[in-house]
Amino acid sequence: MKSIMPGTLPAAPTRINRRLRCASLLAAALLAGCAGPVSVRQVSLVHSYRAATRTALAGREASDNALIVLRRHGLLPLWRNQPDRAIATLRAQAAGRDDEADVLFALAELSYRQGLRHHHAQDFLAASLYAYAYLQPGQANGPSPYDARFRQACDLYNLGLAAAFPAPVNIASQSRTLPSGTLELSADPAQLRWHGRVLENIRPTATLGVGGINNVYHTPGLGEALTVLARAAPDAPGRPASGGQTLQHAGDHAPSAVADIAAPAQDDATRNRATPQDQAPPEGTSDGSFVIAEKLRLPASLVLEIDNPRAQVLGSHPSGRLVLRIMDESPDTPIAHARVPAAYDQTTARALSLVDTALGTKEYRGFFDGTTYDGTRPRLIALNPHHHGSMPVVFIHGTASSPYRWASMVNDLLEDRRIRNHFDFWFFSYATANPIPYSAWQLRHAITEAVNSLGGVQADPALGHITLIGHSQGGLLARMLVINPGDRLWDGTAGRPLSSFHLNADTLALIRQTMFPTPMPEVDRVVFISTPQHGSYLAGKSIAQFVGGMASLPLRVTETAREIVTGSGDSTHVNNRIPRLGSVYAMSPHSAFMRTLPTIPIMPDVHVHSIIPVCGAGRDLAHADDGVVSYASAHIPDVESELVVRHSEHSTQSNPFTIAEVQRILLEQLAQAPPALRQAPPRTDGP
């Protein structure tokens, strides 16, 4: 027997192992050769959908539809290495072929992909043109709406325009360079005028994100979704030459919502030199209590129309026109022999209107600084011009709040075309720590000015059907406009008749206007939301009283309070009594004001509704509350409807059940309105 040296292996087994490996590889190759090149495997529904909907719109590889066209034309390798040359070659092969529509779609998607790669406006513009030619809107032989490419082509067109016409969008006649020629565009300058306003600062909404609003609504269609700023034109009809304003179309010299709300508050000395707020302004003028927002934003759509598009886009000198559409006036756009839906982004326009008018920047300042809205800033703001026949809805926010809190509700309500066509939305702002009767008087004054500035009920009967929607303290302000207390409110609060006080004429006038209100005949309906009809238990707590005492009050209010105290023959502890005038103390269930107000009935001809949120679901209503107001306090008898919103805290304005109830109430009001108002024409009148 042969001995094997340590560290060596026999040669024979090595050769055998090699032969086995070669045999295995040969067998595998033979087996593979027997298998067919086509296979079918099981995939998930998600995988199947992702593969079918892959598109350059998502910033990835082009869709299978575009790749198929490239393979058919032998251009896929060229696309991988020289994409611009591949597009030019495919374009040259497009005309007159049976697959012309397929090629146009591929050109649209491939051009859009190049736009994403290089950020060139000309590529995006070419993508829009090819997509438009593929769609052939308004013409026969267009693609089936069931074809996935139909919706993708609409998106390629819309987003291509958004990238080709960035902010600020220039809607004017112009020449634009394309990768393969020049595009001549015409635009009618008259379309930049709208109801006496100039449309400017035009911005695409595709790259804007909205926050703080529950639902973001888009209207599907064709066109670049825009938001446009409608600024009052200097030559608007009926505008005073002296620099004043007509409230139907707020003028350049009208108080700017941003300037007036965001500017520093005037000091009391300056304010006292101004016209007293209880005195009516001179005939034909306005004190600015009511304005239509200077920064009025409208949802719009830009459509680039091309005649005979399939022939033009493959030429070197195509031509088209830029057409601007405003949403409520043009839900669709006429193209060729059809009306094509226009694309809009209405929620973004509404959100920008709220942001531009700075309606939410003074929530806490509006509580701690009682002079915030005292004669220097508009208290009642309309985000749109009044339309004849539209009934005003006034939203009144609560303590330490702002009109921002109505954003989700208003956004949802405006999606109902019946509401959009028959109601105008106004927003009231006020210093929420001020005495409730004082803020209610400001609300009354602002509404009166609004109605008068719009011609009055005689000019538009819809102004006599106002709905007040008040949240929390805002509901108490609304109640003050629909009661006729006589001397009951004063006597119950002050504890003695007004005649027993020794007061000067100005103080007496203010007291009579704030504590002896009369019902406003224009108010048709009131909606109370989370309203402490019998007071808020939270307002009665010592910490709330402490915070409320930190708020400053208008000089006129504090001077009136001092005179009332001294005029009653008691000048002791004057400073300690003045903070009790504030709204926080008044909303305590133990205050004389809150014990008196619920005893004064609401006028019987006013329609009254209550929306009362409560935390949780199973609690007995007698012991339920929303964290601020108990159900027992918010409940009042003899209302036309009462909705208890379960699982909702005090700030229920964004709750879908609350919004649905307000929608129901407004539609009920519309159904009960006089026939002339129910039949008011929708807002489709052009500029």
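Rules of the game
Starting from 1, residues in each chain are numbered consecutively following that chain's sequence as written. Thresholds applied to this predicted model are a pLDDT of at least 70 for local features of residues and 80 or more for the giving and counting of side-chain atom pairs; totals over whole chains, interfaces and linings are not thresholded and use all residues. Side-chain numbers come from the whole structure's heavy atoms, not from hydrogens or water. Secondary structure counts use DSSP, requiring at least four H or I residues in a row for a helix and at least two E residues in a row for a strand, with both numbered from the N terminus. To sort residues, take the accessible area from a 1.4 Å probe on protein chains only and compare it with the maximum for the residue type: under 20% means buried, over 50% means exposed, and anything in between is partly exposed. Working rule for contacts: check all heavy atoms of both residues, and any pair within 4.5 Å makes them a contact. Computed by Shrake-Rupley with a 1.4 Å probe, the accessible areas treat only the displayed protein chains as cover when residues are assessed. Just to be clear on terms, a salt bridge is a Lys or Arg side-chain nitrogen sitting within 4 Å of an Asp or Glu carboxyl oxygen. Within a predicted model, pLDDT stands for the predictor's per-residue confidence, ranging from 0 to 100. Residues grouped as a nonpolar core are buried Ala, Val, Leu, Ile, Met, Phe, Trp, Tyr and Cys residues, joined through side-chain atoms within 4.5 Å. N or O atoms within 3.5 Å of each other form a polar contact, as long as, within protein, one can give a hydrogen and the other can take it, and as long as residues adjacent in sequence are counted only when both atoms are side-chain atoms. Stacked, edge-to-face and tilted labels apply to pairs of Phe, Tyr and Trp rings (six-membered ring for Trp) whose centres lie within 6.5 Å, assigned for plane angles under 30 degrees, over 60, and everything in between, in that order. A ring is considered to have a charge above it if a Lys NZ or an Arg CZ atom is located within 6 Å of its centre and within 35 degrees of its normal. Each residue after the first adds 1.5 Å to the expected span of a helix. Only when DSSP finds a minimum of two bridges between them are two strands counted as paired. Each axis is a line fitted through C-alpha atoms, and for a helix only the stretch in contact is used; angles between axes span 0 to 180 degrees, taken between their N-to-C directions.

Caption draft 1: Representation of the overall build of the chain within the structure. Looking only at helices and strands, the chain has 28 helices and 17 strands in total. Here the chain holds 687 residues, and 52% of them are scored as buried. Considering only intrachain contacts with a sequence separation of at least 6, the fraction spanning at least 24 residues in the chain is 78%. As displayed, the chain offers around 30,700 Å² of accessible surface, 56% of which is attributable to carbon and sulfur atoms.

Caption draft 2: Structural context of the pattern of salt bridges. A complete count under the given rule lists 14 salt bridges for this structure. A salt bridge links R149 to D147, with the nearest nitrogen and oxygen atoms 3.0 Å apart. For R149, a relative accessible area of 15% puts it in the buried group. Among the ionic pairs, R151 bridges to D155, the shortest N-O distance being 2.9 Å. Within this pair, R151 and its partner D155 are both found in helix α8 (residues 148–164), separated by four residues, close to a single helical turn.

Caption draft 3: Up close: the confidence of the model for the chain. On average, residues of the chain score 81 in pLDDT, and 76% of them are at 70 or above. Predicted confidence is poor over residues 237–285, with pLDDT under 50, and the contacts of this stretch with residues over four places away or in other chains come to 97 contacts. Segment residues 363–370 is flagged for pLDDT under 50; beyond a separation of four residues in sequence, or across chains, it makes 36 contacts in the model.

Caption draft 4: Spatial organisation of the nonpolar core. Among the nonpolar cores identified, the biggest contains 66 residues, and L90, F165 and L304 are the most heavily contacted of them. Per-element tally for this core: the top contributor is helix α7 (residues 121–135), with 11 residues. Not counting residues within four places of it along the chain, the set of residues in contact with L304 comprises L125, L129, Y132, Y157, L161, F165, L183, L185, R321 and L322. Among the nonpolar cores identified, the runner-up in size contains 49 residues, and L454, V523, L597 and I600 belong to it.

Caption draft 5: Inspection of the environment of Y430 at higher detail. Looking at the secondary structure, you find Y430 in the loop between β13 (423–428) and α16 (436–453). On the basis of relative accessible area, Y430 is assigned to the buried category, the value being 1%. Counting along the chain gives 33 residues from Y430 to H397, while the straight-line C-alpha distance between them is 8.6 Å. Here H397 takes part through its backbone oxygen, which lies 2.7 Å from a polar atom of the side chain of Y430.

Caption draft 6: Up close: the packing of aromatic side chains. Applying the stated criterion to the full structure yields 10 aromatic pairs. Between Y438 and W441, the ring centres sit 5.5 Å apart and the planes meet at 55°, which makes this aromatic pair tilted. Within this pair, Y438 and its partner W441 are both found in helix α16, separated by three residues, close to a single helical turn. In this structure Y438 comes out as buried when scored by relative accessible area, which is 4%. Its relative accessible area of 7% is what places W441 among the buried residues. Among the aromatic residues, ring-to-ring pairing joins F395, W406, F425 and F427 into one connected group. Above the plane of the ring of F501 lies R496, whose end atom (NZ or CZ) is 4.6 Å from the centre. The ring of F516 is capped by R512, whose NZ or CZ atom sits 5.8 Å from the centre of that ring.

Caption draft 7: Structural context of α16. A rise of 1.5 Å per residue sets the reference length of α16, with its 18 residues, at 26 Å; its end C-alpha atoms lie 26 Å apart and thus fit the reference within 8%. For α16, the tally of buried residues reaches 15 of 18 residues, placing the bulk of the element in the interior.

Caption draft 8: Spatial organisation of helix α18 (residues 473–480). Counting buried residues in α18 gives eight out of eight residues, a clear majority hidden from the surface. Those residues of α18 that sit buried are Q473, G474, G475, L476, L477, A478, R479 and M480.

Caption draft 9: Spotlight on unusual backbone geometry. The omega torsion across A167 and P168 is -10°, close enough to zero to call that bond cis. In this structure, P168 sits in the loop between α8 and β1 (174–178). Although it is not a glycine, H195 adopts a positive phi angle of roughly 50°. Looking at the element boundaries, H195 is found in the loop between β3 (193–194) and β4 (197–204). For H195, a relative accessible area of 19% gives the class buried.

Caption draft 10: The arrangement of the sheet that holds strand β17 (residues 641–645) in detail. Read from one edge to the other, the open sheet built from eight strands follows the order β6-β11-β13-β12-β14-β15-β16-β17, with strand pairing classed as mixed. One side of each edge strand has no neighbouring strand; the edge strands of this open sheet are β6 (290–292) and β17. Across the sheet, the axes of successive neighbouring strands diverge by a mean angle of 20°, strand direction being ignored. Note: strand β16 (residues 607–613) against β17, five bridges, orientation parallel. Counted as the bridge partner of I612 is V644 from β17.

Caption draft 11: The arrangement of the side chain of T55 in detail. In this fold, T55 is placed in the loop between α2 (45–53) and α3 (64–72). When neighbours within four sequence positions are excluded, T55 is seen to be in contact with R60, E61, S63 and E109.

Caption draft 12: Expanded view of the side chain of S610. Relative to the helices and strands, S610 is located in strand β16. Non-local contacts of S610, meaning those with residues more than four positions away in its chain, are made with F528, A634, I636, V639, S641, E642 and L643.

Caption draft 13: Summary view of the sheet that holds strand β7 (residues 296–305). The sheet built from seven strands is open, its strands ordered β1-β2-β8-β7-β5-β4-β3 with mixed pairing. With partners counted over all chains shown, the strands left at the sheet margins are β1 and β3, one partner each. For β3 and β4, the ladder comprises two bridges, and the chain directions are antiparallel. Following the sheet pairing, R193 is matched in β4 by V198. In the packing of α8 onto the sheet, the strands contacted are β1, β4, β5 (224–232) and β7, and the crossing angle to β7 comes to about 110°. Strands in contact with helix α12 (residues 346–356) are β4, β5 and β7; relative to β7, the strand with the most contacts, it is inclined by about 140°.

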